[in-house]
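# Coordinate analysis (summary)
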Amino acid sequence: MTGRVADAPAPALPGFPRPRARRRELGLLVAVVVALAIGSLSLGLFRTGRPELADPQGLLLFAAGLLVAHVALVVSGRRLDEVLLPAAAFLGGIGLLVMERLPQDLVVQELGPWTLGLGDLQLLWLGVALAVATTIAVVYRSDRWLRLYKYTWAAAGLLLLALTFVFGSEVNGSRLTLEIGPFAGQPSELLKVILVVFFAAYLAENRVLLADARVRVVGPLTVPPLAYLAPIGAMLALALGIVVIQRDLGAALLFYAVFLALLFLATGRLTDMILGLLLFAVGFLVLAALFPHVQERIATWLDPWSDPLGSGYQLIQALHAFARGGLVGVGLGAGLPEIAGRPPIPAIHTDFPLAAIGEEMGMTGVLAVLAAYLVLVERGLRIASSSRDDFRALLAAGLSLVIGVQAAIIAGGNLKLIPLTGITLPLVSYGGSSMLANAIVVGLLLALSDRGAAPLAPPRPPRLARLRRRPGGTP
Amino acid sequence: MTAGRGPGRRVPAVAVALVLAFGIIAAGSSYWQVIRADELASSPTDAAMLAAARTVVRGKILDRDGRTLASSRRAEDGTPYRVYADAAVSHPVGYAAQLYGSAGLERAYAAELTGARGSDPISRAFAKFLPPLDRGLDLRTSLSLAHQRLAVSLLGNDRGAVVMLDPRTGEVLVMASTPTFDASGIANPATSRQTFESLREDEASPLLDRATLGRYVPGSVFKIVTAIAGLGSGSVSPATTYPEQPGAEEDGLVVSGYTIKDGHHPFTGDEELDLLSATEVSCNIWYALAGLDTGGANLDAFARRLGFGEPLPFDLPTATSQLTNGGGPLPGGFQDDVELANAAYGQGEVLATPLQMALVAAAVANGGELMAPRLATALVDRQGRATSIEPRSMGRVLDPASNAAIVAAMTLAVEGEWGQLFTEGAKVPGVPTAGKSGTAQLGGSGEPHSWFIGFAPADAPTVAIAVIVEQGGRGGERASPLAGRMLRAWLEAQ
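Across the contact, 35 residues belong to chain B and 51 residues belong to chain A. Looking at the side of chain B that touches chain A, the elements with two or more residues in it are helix 1 (11-35), helix 2 (37-41) and helix 3 (47-55) of chain B. With 16 residues, helix 1 of chain B is the single largest residue contributor to the side of chain B that touches chain A. Of the residues belonging to the side of chain B that touches chain A, the class tally is 24 nonpolar, seven polar and four charged.

If you want it as structure tokens, here you go:
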């Protein structure tokens, strides 16, 4: 299929596709780099008083990485979406600017002969992310290995989670970090991708059954038979388990919200979704009644000023940062006052980059970042709605939502709209695991956008149907 | 069959939900970054404000004649610190110190004084496009340093407070609280710790601004509030007399078993008392009866119009003046008629700040309309451009006709044959003066608090005053002559 270029003048190599120009993507990438250069200029002007770029090498390397990714996509010859990469690059670039602007010693890592600070590390991760996303976009052709081994994926994900439960180290009261030798990572970031793949495969296979085989409960309220509900129940248990054992409210909310959205997309049953929300609310209330740390989180959210130097400190400082920024911000490099050499928000690079953006780039900057997420999600959902089969549609929708909902949860937490949870602002926050997971998401979305890809093998009959051999089923 | 259509067809619904969520987040951003921005960014606990306090030279604080009340000096290591003109102004001006934060106007106007905030909203919003301020704005106040000094010296070694303001504009001319403290000592890094610690341990609590934060039993000065509520609600008229009087005066008036007594019977004798004469001789029985007629609901409503019940709209934090402890079954929160009757002449559970009682006098002096009290009158930038802060009305408390009756009653209480006996020394020679003295019984054996509120000239008031001297004895002994001296000094200076 790859070399079907009969009327092409001269393919460079046999078996390789003809390169396909991506002018729109190139134009948007140039716009992104120009915007970042202006930001870097503003930062440099503030730091040195001279009109110069704050970190020309970093910017150059990032631009070079984008160019390489762009060329790789052109050379691959696939008909991939041309807006996804620039939107992701815009968010990554803003994150890079913020990390370069923050005190570099917030995170320091020795890597061979080099000592890398916050900005360098973020640049490194952005490079890795670009490589991962581009490779997936170019290489991923067939869905089979994702959809056929869905239970293997789910098992791997649960194993990862179990490892974190058992061996995870506690950071800021949440058991999120898994350390294996020199490597430390947050498995829940990778888990979100794995779970979306599993949901998409499971729901694509069983969606008709879930929607149509109903058991009446009361009056017009019906639910799917217990056998089909079991995975949903398991999911609910998993989400609430994460809250209890990992103390990771954000991840639980993210998994569950994305799951409910996919369930709705698959079955079209609004009542199932409302029921799911109610169950989550009830479960959450029970947890809040049982566990003091959940109560404390809620109390801090409702009134951070009751403990301004303790549990409410970070949130109050973030709200002050947003307030200082105002409409247009104080300017890159001019804000984020330091108290004894430290930024007032300790977790600014992981949990509160939006506060940094809000202060230095103002509400304008915050809205721009929100808009970039919406563009990203819109492209993903567009891919979903024009997908040829259910699995691809659900996968594309789930991947887009994972980014969109995660951004909404942490942004809402930063702005005191919902209780604060320690998840990252996708593609902006510092952090290798998060960057890697979101790179996989962007890469898969790019790959799924290719409508010229190989047609799929006919899907296997649903598992339960095979077992039961329903009357009137395929002979 | 619901699932017949593919998942792709339902994507728009999910998209709409997400767009809605992002819309709410954008609204949250505008709430914190626009609506609440000014308040948070200029709060003295803001990180940027704290950082600025270490480097920026604060603007000056000036009195109404341009005299410097607060200015800055640099220590040997270059860090700026504050110097204050006089301990007499320490309470309203406050202090700004590295170790102990800030208080008073230094705290309330920290953003403007440190230049973190421009004087107008437009330049505030676009501050990043303007050259940075190397020095904060100057703050012009309505205080008069000379009269502030006089008030503190007249209070002498007593604890107490004097609040004097212009009833027409709400400008606070004097806001003195004794004992005062050495604000320069707190601000100077060399003496800061020692000064602050010894002030904190002083049992006279000199750091407490009694004028705004001290809550006192008002005694008879509160009768003016009862008169306002009674006339304003139509429950009493200037000619109202009570059949219980003068009969009840000798042995006291019994309300639900509690006896209210009076001391004026020996010289009023069989005289029938109306509003004017009852005010002149400070008759508890007339006011207790008037309070019962007016009722708790009306008394509460009119007290609230005057500022009771919540912190005052003012440049500095104020304690809340109260009519009752709240929670009682009767209207207004009173427990029973005894409490209401006692409250009507300023006892019971009534507590008021000196600033609040000055506002009562000011409302009457201004024809029944209450102007919001204020200290800050203008912000001045380095080029001398001033942005003035305009007077603000707190609304009309009482109609002009009823108000005129209270002016007449208060004038009688200072100028009248009997009134003079209670308010000795309050009269400004050659100027018609109005006022009301108060003697706040505290229970126990201690001397009562001595109160006076009033204004002058009574026919066209330009100045209103409240004076309290803690345990200064009867109102006429200590507070009245002090107020008279202050009013006279002010009118002579004009």
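Past the structure itself, the notes keep going.
In this section: the environment of B:Ala103. Residue and element names in this part refer to chain B. Tracing the sequence through the fold places Ala103 in strand 5 (residues 101-103). Using a count of 23 C-beta atoms within 10 Å as the deciding quantity, one classes Ala103 as buried. It is 7.7 Å that separates the C-alpha atoms of Ala103 and Val93, two residues lying 10 residues apart in sequence.

The subject of this paragraph is the sheet that holds strand 15 (residues 434-440) of chain B. Residue and element names in this part refer to chain B. Pairing is antiparallel in the open sheet, where five strands are placed in the order 8-7-17-16-15. Each edge of the open sheet carries a strand with a single partner, namely strand 8 (172-178) and strand 15. Pairs of neighbouring strands in the sheet enclose a mean axial angle of 5 degrees, with direction left out of account. Where strand 7 (residues 160-165) meets strand 8, six bridges bridge the pair, whose relative direction is antiparallel. Each bridged residue has a counterpart across the sheet, and for Leu165 the counterpart in strand 8 is Val172. On top of the sheet, helix 8 (residues 145-155) reaches strand 7, strand 8 and strand 17 (463-469); it is set at about 30 degrees to strand 8, its chief contact.

Before going further, it helps to examine the packing of helix 12 (residues 313-325) of chain A against helix 13 (residues 353-360) of chain A. Residues and elements named next belong to chain A. Between helix 12 and helix 13, the shortest axis-to-axis distance is 6 Å and the interhelical angle comes to 25 degrees. On the basis of the axis angle, helix 12 is roughly parallel to helix 13. In this structure, helix 12 crosses over helix 13, and the sense of that crossing is left-handed. From helix 12, Ala318, Ala321, Phe322, Arg324 and Gly325 reach across to helix 13, where they touch Ala355, Ala356, Gly358, Glu359 and Glu360. Its residues assigned to classes, the contact of helix 12 with helix 13 shows five nonpolar, two polar and three charged.

All right, on to the pairing of strand 3 (residues 80-84) of chain B then. Residues and elements named next belong to chain B. Pairing of strand 2 (residues 68-74) with strand 3 involves five bridges; the strand directions are antiparallel. Considered in strand 3, the bridge of Ala70 is made with Tyr84. Linking strand 2 back to strand 3 in an antiparallel pair, the connection comprises five residues, with Gly78 at a positive phi of about 90 degrees.

Residues and elements named next belong to chain A. Looking at the secondary structure, you find Gly157 in helix 6 (residues 150-167). Given 21 C-beta atoms within a 10 Å radius, Gly157 is considered buried. The sequence separation of Gly157 and Pro187 amounts to 30 residues, and the corresponding C-alpha distance is 8.5 Å. Leave out the neighbours within four places in its chain, and Gly157 touches Leu191, Ile194 and Leu195.

In this section: unusual backbone geometry. In the segment running from B:Thr178 into B:Pro179, the intervening peptide bond is cis, with an omega of -5 degrees. Take B:Pro179: it is sitting in the loop between strand 8 and helix 9 (183-187). Looking along the chain, the bond that leaves B:Ala456 and enters B:Pro457 is cis, with omega of -15 degrees. Looking at where B:Pro457 falls in the secondary structure, it is placed in the loop between strand 16 (449-456) and strand 17. Unlike most non-glycine residues, A:Leu427 shows phi in positive territory, near 70 degrees.

Strand order across the open sheet formed by six strands is 3-2-1-6-12-13 (chain B), with mixed pairing between neighbours. Only two strands of the sheet have a single partner each, and these edge strands are strand 3 and strand 13 (386-388) of chain B.

To continue, consider the confidence of the model for chain B. Across chain B, pLDDT averages 90, with 95% of residues at or above 70. Scoring the predicted complex yields pTM 0.73 and, for the interface, ipTM 0.88.

Before going further, it helps to examine the nonpolar core. Proteins that are soluble and globular tend to have nonpolar side chains buried together. Judged by nonpolar contacts, the single largest core of 144 residues is most densely connected at B:Val163, B:Ala358, B:Ala361 and B:Ile465. Discounting chain neighbours no more than four positions away, the residues touching B:Ile465 are B:Val163, B:Met164, B:Ala358, B:Ala361, B:Ile453, B:Gly454, B:Phe455, B:Ala483, B:Met486 and B:Leu487. Judged by nonpolar contacts, the second largest core, of 143 residues, contains A:Ala261, A:Phe322, A:Leu401 and A:Leu446.

What counts as what
- Within any chain, residue numbers begin from 1 and follow the written order of that chain's sequence.
- Each chain takes a letter, starting from A, and each ligand takes a number, starting from 1, following the order in which they are written.
- In view of the model being predicted, local features appear only for residues whose pLDDT reaches at least 70, and side-chain atom pairs are presented and counted only at 80 or more, with totals across whole chains, interfaces and linings using the full set of residues.
- Any residue pair is listed as a contact if its two C-beta atoms, each placed from the backbone, are within 7 Å.
- Note on conventions: DSSP H or I runs of at least 4 residues are helices, E runs of at least 2 residues are strands, and numbering of each starts at the N terminus.
- Under the convention adopted here, Pro, Cys and the residues Ala, Val, Leu, Ile, Met, Phe, Trp and Tyr are nonpolar, Asp, Glu, Lys and Arg are charged, and Gly plus all remaining residues are polar.
- Comment: burial labels come from other C-beta atoms within 10 Å of the residue's own C-beta, placed from the backbone, where a count of 20 or more is buried, 12 or fewer is exposed, and between is partly exposed.
- Paired strands, as defined in this entry, are two strands with at least two bridges between them according to DSSP.
- Axes, fitted as lines to C-alpha atoms, cover a helix only where it is in contact. Angles between the N-to-C directions of the axes lie from 0 to 180 degrees.
- Small angles under 35 degrees read as roughly parallel and large ones over 145 as roughly antiparallel, with 65 to 115 read as roughly perpendicular and the rest as oblique.
- Two helices that cross are described as forming a left-handed crossing if the nearer one is turned anticlockwise from the farther one by less than a right angle, and a right-handed crossing if clockwise.
- Here pLDDT means the predictor's own confidence in every residue, given as a number from 0 to 100.
- Nonpolar cores are identified as sets of buried Ala, Val, Leu, Ile, Met, Phe, Trp, Tyr and Cys residues joined via C-beta atoms within 7 Å.

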